[in-house]
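One-letter residues, chain by chain:
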Amino acid sequence: MSTDFSDSMDVTTWTRCCNVTTIMSLFFVHDHTIIDINTANEFQVKEDTDHVIVKGVDSIISNEVVFWIGAIANAGLQPLLFILGAPGNILCAAVFYKLGLRERINLCVFALALVDLATITFTVFIAVEAALRDLLEVELNFFIQYFIGPLGFQYASMFVSTTIACERCFCVVSPFKAQRYIKTSTTAVIITVVTVVIVGAMCAFDGPTQKAVTVYDPVSNTTKSVVYYTDYYINNREIIDIFDIFVYSMFIPLVAIVVTVITTAITAVKLCHAVTWRDQTTTTVNIDTTKTRTSSKEVALTKMLIATSILFIVCVTPIIVVQMTMYFVKELNFNGRYVNLNDLLWVIISVLRMLNFSLNFYIYYNIGSKFRETLREMLRFRSFNKYKNNLSQQSFLVTKTL
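In this convention, every chain numbers its residues from 1, walking through the sequence in written order. Note on the predicted model: pLDDT of at least 70 is required for a residue's local features to be given, and 80 or more for side-chain atom pairs to be given and counted; whole-chain, interface and lining totals, by contrast, use all residues. Side-chain figures throughout are based on the complete set of non-hydrogen atoms in the structure, without hydrogens or water.

A. How the structure looks around the packing of helix α1 (residues 63–99) against helix α2 (residues 104–135). Axes here refer to lines fitted to C-alpha atoms; in helices the fit is confined to the stretch in contact. Angles between the N-to-C directions go from 0 to 180 degrees. Only DSSP runs of H or I reaching four residues or more are called helices, and only runs of E reaching two or more are called strands; each is numbered from the N terminus. Where α1 meets α2, the closest approach of the two axes is 8 Å, and the angle between their N-to-C directions is 155°. Taken together, the axis directions place α1 and α2 in an arrangement best described as roughly antiparallel. Two packed elements cross with a definite hand, and for α1 against α2 that hand is left-handed. Put simply, Ala, Val, Leu, Ile, Met, Phe, Trp, Tyr, Cys and Pro go in the nonpolar bin, Asp, Glu, Lys and Arg in the charged bin, and everything else, Gly too, in the polar bin. In terms of residue class, the contact of α1 with α2 is built from 25 nonpolar, seven polar and two charged. Roughly parallel here means an angle under 35 degrees, roughly antiparallel means over 145, roughly perpendicular means 65 to 115, and every remaining angle is called oblique. Each crossing gets its hand from how the near helix is turned against the far one by less than a right angle, where anticlockwise is left-handed and clockwise is right-handed.

B. Highlighting the pattern of salt bridges. Think of a salt bridge as a Lys or Arg side-chain nitrogen and an Asp or Glu carboxyl oxygen that are within 4 Å of each other. Scanning all chains against the criterion turns up three salt bridges. Between R104 and E167 there is a salt bridge, with the nearest N and O atoms lying 3.0 Å from each other. Linking R104 in helix α2 with E167 in helix α4 (residues 153–173), this pair joins segments that are 63 residues apart in sequence. Like E167, R104 is buried. For R168, the salt bridge is made with E167, and the minimal N-O distance between the two is 3.4 Å. Taking relative accessible area as the criterion, R168 reaches 5% and is therefore assigned buried. Only protein chains enter the accessibility calculation, which uses a 1.4 Å probe. A residue is then buried if its area is under 20% of the maximum for its type, exposed if over 50%, and partly exposed in between.

C. Representation of the packing of α2 against helix α10 (residues 339–358) in the model. At a minimum axis distance of 9 Å, the contact between α2 and α10 shows a crossing angle of 145°. Between α2 and α10 the crossing geometry is left-handed. On α10, the residues touching D116, T119, I120 and T123 of α2 are M354, N356, F357 and S358. Class assignment of the residues belonging to the contact of α2 with α10 gives a composition of three nonpolar, four polar and one charged. The contact criterion used is simple: two residues touch if any of their non-hydrogen atoms lie within 4.5 Å.

D. Geometry of α4. The length a helix should cover is 1.5 Å for every residue beyond the first. Between its first and last C-alpha, α4 extends 30 Å over 21 residues, near the 30 Å set by a 1.5 Å rise per residue. A large share of α4 lies buried, amounting to 15 of its 21 residues.

E. The arrangement of the confidence of the model for the chain in detail. Per-residue confidence from the predictor is reported as pLDDT, a score between 0 and 100. Looking at the chain, the pLDDT average stands at 76 and 72% of residues meet or exceed 70. Model confidence for the chain, summarised as mean pLDDT per element, is weakest for strand β2 (residues 32–33) at 30 and strongest for helix α6 (residues 184–205) at 93. Low pLDDT, under 50, characterises residues 1–56; the predicted model gives this stretch 167 contacts beyond four residues in sequence or across chains. Here residues 285–294 scores under 50 on pLDDT; set against residues more than four positions off or in separate chains, the count is five contacts.

F. Main features of a nonpolar patch on the surface. Think of a patch as exposed residues, more than 30% relative accessible area, with no salt bridge, where like charges cluster within 9 Å and nonpolar side chains (Val, Leu, Ile, Met, Phe, Trp, Tyr) cluster within 5 Å. Accessible areas in this description were obtained via Shrake-Rupley with a 1.4 Å probe; residue shielding takes into account the shown protein chains only. Taken together, the side chains of W68, V128, L132, L135, L136, V138 and L140 present a nonpolar region at the surface, about 550 Å² in accessible area. Sort the elements by how many residues they give to the nonpolar patch and α2 lands first, with three residues. With respect to the helices, strands and loops of the structure, L136 is situated in the loop between α2 and α3 (142–146). A residue is classified by how much of its surface remains accessible, and L136, at 57% relative accessible area, is exposed.

G. Layout of the packing of aromatic side chains. Only centres within 6.5 Å qualify two rings of Phe, Tyr or Trp (six-membered ring in Trp) as a pair; their planes then separate them into stacked at under 30 degrees, edge-to-face at over 60, and tilted for everything else. Scanning the entire structure with this criterion turns up 15 aromatic pairs. With a centroid separation of 4.1 Å and 15° between ring planes, the pair formed by F205 and F243 is classed as stacked. In this pair, F205 is assigned in helix α6 and F243 in helix α8 (residues 237–281), connecting sequence segments 38 residues apart. We classify F243 as partly exposed; its relative accessible area is 30%.

H. Seen up close, the environment of G149. Relative to the helices and strands, G149 resides in the loop between α3 and α4. In this structure, the C-alpha to C-alpha distance between G149 and C203, residues 54 residues apart in sequence, is 3.7 Å. When sequence neighbours within four positions are dropped, the list of residues in contact with G149 reads V199, M202, C203 and G207.

Here it is as structure tokens:
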């Protein structure tokens, strides 16, 4: 809803300010953008009805281009990936639960499916809300204010993905030591505790940083509601930025990528050696078929998890590159001249994140034969039970009629 203001209205000049890691919405007013809140105080921003003036910035990409790319991503691509990813993650969790959570790798993949499901759910809520706000001018700022903290599940997903890569590497390099020293119960406790800490800390630090304020556009002489920083963030900016920028945006993804790349490379090399050895042993006269079968299953499982690690590396690496570039190239920051290019990069990153959290099911199904067999068995069993129930109901109706 827009409001008309007279020339006598008292306004204050601002600079653009958006959360570095969690901005999910694009807001543009005629080639104008919001300004920096560094000089803001509690008297200037204290109510949702406050008004701020907008100021033009230089950019190599027009606002209109970035606006429509963001709108397509928020209204089309991310909801589509959610439609594909949510059922996929639910089926992944169901299959690996069926396979048994006493197996360490089943537990890890089960946890990853649940964390990814939570991530894409919170992300799509924010994306759809941004699309409604930008395309239909609906005054919606609920999810962007209150669902920022739960987006910490994306970093928990990075941790679980890295844990899976390490587990598989350890099992391939030294299977007996892995079985002896890494217990399933210990793994479950570690994943649970780390997930709670990561998500809880983000809810505590980032959760209360956003609120809705009113922005005045002098070109159209109207106002619109946008999300802005709260007094909580302004008063604790140094501490919050340490966790937000350096811990969550740089440290966790960087460590996850480095560890995953190293462990995946080691696993791939060891897997090639294992396949070569298996092929050589199958040509000998005395062959233990049981060991060969077990090796085949391990090889198939390892290939499947290597594929998911590659997907993780491809999708997360650009996030680190953009974050570090933003930190060292000030003009590309949210306060810089090339703010629209920054917005475009974050649109791409948001889509890559959704890809990473949505496509594991399709990798499991195409590569994992055991996964396919279990899924088909579960679906057949469900269909058979449904058919049997329908048949029983029909028989009861026939008997009752007679």
